[in-house]
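Observations on the three-dimensional arrangement
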Amino acid sequence: MFIQDLKNDFYRQLIGKRILIIVNYDVDAICASKILQSLFKYDHMLYTVVPIMGVTGLKRAYSEHQADVKYVLLINCGGCVDIVELLQPAEDVTFYICDSHRPLDVCNVYSDRQVCILGDPALEENIPGFESIFYDSEGEDGDDDDDEDEDGDENGDSGAGESDDGNGDGDSSERVRAPKLSRMQKHEQRILRQRARRQWESERDRIMFDYTQFSYYGRSTALYIFELAWKLSKDNMDLLWWAIVGISEQLLLGKIESAAYTLELENIQSHVSRLTNKTNDQNTMSASKINFENDLHLVLYRHWTVTESMRYSRYSACKLKLWTLRGEKRLHELLVEMGLPLVHARQTYSAMDLILRKEFYSMVEQLAEKYGIPDIVYGTFTLSYGYRSRYAAADYVYALLAILQSVKKHKTPEDCFMEASDALSRQHKQLLNVGIDNAKLLHAAIFRQVQSCLEAHQVHSTGSFFYYVLQEEHAFFSYPYALALLAKFVLHGHVATTRVRQAPDLPLIATCPLDASQGMCLLVGIAPVREDSPKNFFGKAFDQAAQKSKTNLLQDFFEPSIVQLRQSDLTRFLDALTVLLT
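What you see is a predicted model, and the numbers here were worked out from it, not measured in a lab. (Residues numbered from 1 in each chain as written. Predicted model: local features only at pLDDT ≥ 70, side-chain atom pairs only at ≥ 80, totals over all residues. Heavy atoms only, no water.)

Here we take up the pattern of salt bridges. One pass over the structure, following the stated rule, counts 22 salt bridges. As a salt-bridge pair, R206 and E203 come within 2.6 Å of each other at their nearest N and O atoms. On the criterion of helical spacing, the pair formed by R206 and E203 is a turn pair, its members being three residues apart in helix α9 (residues 183-212). For R206, a relative accessible area of 42% corresponds to the partly exposed category. Residue E203 is classed as partly exposed on the basis of its relative accessible area, which comes to 36%. The partner of D210 in a salt bridge is R206, with the nearest N and O atoms 3.0 Å apart. With a gap of four residues between them, D210 and R206 both fall in helix α9, about one helical turn apart. According to the relative accessible area criterion, D210 is partly exposed, its value standing at 45%. In this structure, a network of salt bridges that share partners links the residues E293, D295, R302 and R390. (Salt bridge = Lys/Arg side-chain N within 4 Å of Asp/Glu carboxyl O. Helix = DSSP H or I, 4+ residues; strand = E, 2+ residues; numbered from the N terminus. Buried < 20%, exposed > 50% of the residue type's maximum accessible area, 1.4 Å probe, protein only.)

Structure (structure tokens):
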């Protein structure tokens, strides 16, 4: 069931209640939960926040906290699984789902009361009609009962009316009027019903396959929750910034098309203007200011050197082939033509000459076409507070991703989640800076891995897809987001260097050992470079390949294109996938 009036049908229903908030392990979900927590604190509401990484975590979180909770809020999780079937809750428990993963599970969509999806059904794609996927079996059962009753009449009830001294005349006359079917006719009718049922099931399977074939993402959850704060008149600059970080994550990780992002920019700009005029904070040190500006697709360049940022950014590195000597030479040519001395390009951006810093964006923009990097410019927002603190939304995204991936023996995923959540607050600027430093290490490691992979020709082709196998467990790439970033970089780099004509149309599968003791590996599927839409077909393809190869696949993540399987089954699984995609 969809809920569109978030103010009355969602938020006001929760006031005074105890709420369990289950949050997926991603940046958009963290931003959305942070906005919600600030709203709940306004109204002194009791809530528990539990971070999870997959379906197993969802079941565990609910079973541990279900005792005294009647209202459960799922953020970026639970929308794509039948939540009632999965968790088996009591009838008086209500689930509110705010999930950007698509497609939504049809049982959640058509739930009468227990499952409420926050969203507009008009914006959803191709949700099947109720009659086409749910079969009314009561009518069929009734027909079977009638058949049995009529069989009973033939087998020995015909004398009942005669021995009742005429009391049954009315019944017998009605029975005479109703045309009696022979046993053969009943049998034919049953066969026709069964045939119609089989045809309906076949059509239902086709409809459901078309509906669930691709996995993709809807609107940013953080932005959706911010609009609730706006309608409640409880919005401020911090909440808006968290919403901007949420949608920026979707763009930078390729979860949404740039067109969908551009459409949201105008909406966000109107909120920025409204809140800028509304705030009267005159203290420069504490006042925050959000500005819209055109920026560059260069990783953390405000906190790094220009040369390192250009080298470790996927777009510029792949277009200029910066892992080769020729690419390095081309980068130096670009810097010379920009009028940026190598001495300045190799020192931290903040330490560069002020004039060069002011002209840096315009210099890159002017030469972008000539050097084949026209899409390096995009629209984004920056946050300024105090005299020195200035961050782009992308800086926050990369920092938070690095914090989420920094799980160690002494640091659990829950600790990383809380650290990432705290890093969003301006009061914890040091956490954000640590995240930025970790992000630099991550992107440098990705570039080095791509360079060694391409030089050693480790990307192999099956004819229907590329695959890349990391042989050893890696500190960075044993985590889903880092492996996905690496796989995307490897695919773009391989397409830029290979002479194979159909390379831009082929997807890539990357795999990395996950747990050497258990022999498990992590596997991620990346859509082709030429694919305009961010829709991913690997979730369904992985499922079918696992059935054909009889391998046990652990599809525990809410991103269907990321799975786990045993390393011993990998070759058999890839063979089945090759046959399936050929």
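Having seen the model, we can carry on.
What follows deals with the packing of aromatic side chains. Per the counting criterion, the structure on display carries 21 aromatic pairs. Both rings, one in Y301 and one in F360, keep their centres 5.6 Å apart while their planes meet at 45°; by these two values the pair is tilted. Pair noted here: Y301 is in the loop between β9 (288-296) and α13 (306-312) and F360 is in helix α17 (residues 354-367), with a separation of 59 residues, a long-range link. Between F542 and F573, the ring centres sit 5.7 Å apart and the planes meet at 55°, which makes this aromatic pair tilted. Note that F542 is positioned in helix α22 (residues 538-549) and F573 in helix α23 (residues 570-581), a separation of 31 residues in sequence. Each member of the pair, F542 as well as F573, is classed as buried. What links up through ring pairs into an aromatic cluster is the set W241, Y385, Y391 and Y396. The residue whose ring lies beneath K535 is Y216, and the NZ or CZ to ring-centre distance is 4.8 Å. (Phe/Tyr/Trp six-rings, centres within 6.5 Å; stacked < 30°, edge-to-face > 60°. Lys NZ or Arg CZ within 6 Å of the ring centre and 35° of its normal.)

A separate point is the sheet that holds strand β10 (residues 377-385). An order of β9-β10-β11 is seen for the three strands of this open sheet, with the pairing classed as antiparallel. With one partner strand each, in any of the chains shown, β9 and β11 (389-392) form the two edges of the open sheet. For this sheet, the mean inter-axis angle between neighbouring strands, taken without regard to orientation, is 25°. Note that β9 and β10 share nine bridges and pair antiparallel. Each residue of the ladder has a partner; that of F292, found in β10, is F381. Contacting β9 and β10, helix α12 (residues 258-278) runs over the sheet at an angle of about 30° to β10. Contacts from helix α18 (residues 393-404) reach β10 and β11 within the one sheet, and its direction differs from that of β11 by about 80°. (Pairing = 2+ DSSP bridges. Axes fitted to C-alpha atoms, helices over the stretch in contact; angles between N-to-C directions. Contact = heavy atoms within 4.5 Å.)

What follows deals with the domain arrangement of the protein. What the domain assignment reports for the protein is domain 1 (2-126), domain 2 (235-401) and domain 3 (457-581). Here the C-alpha centroids of domain 2 and domain 3 sit 30 Å apart. Taken together, the contact between domain 2 and domain 3 spans 14 residues of the former and eleven residues of the latter. Summed over both partners, the interface of domain 2 with domain 3 buries about 1,100 Å², with 71% contributed by carbon and sulfur atoms. (Domains from an automatic or database assignment. Buried area = accessible area lost by both parts, 1.4 Å probe.)

So, about unusual backbone geometry. Backbone torsion omega between R102 and P103 reads 5°, so that peptide bond is classified as cis. Secondary-structure assignment places P103 in the loop between β6 (101-102) and α5 (106-109). Positive phi outside glycine occurs at H457, with the angle close to 55°. Looking at the element boundaries, H457 is found in the loop between α20 (429-455) and β12 (460-461). Despite not being glycine, K550 has its phi angle at roughly 55°, a positive value.

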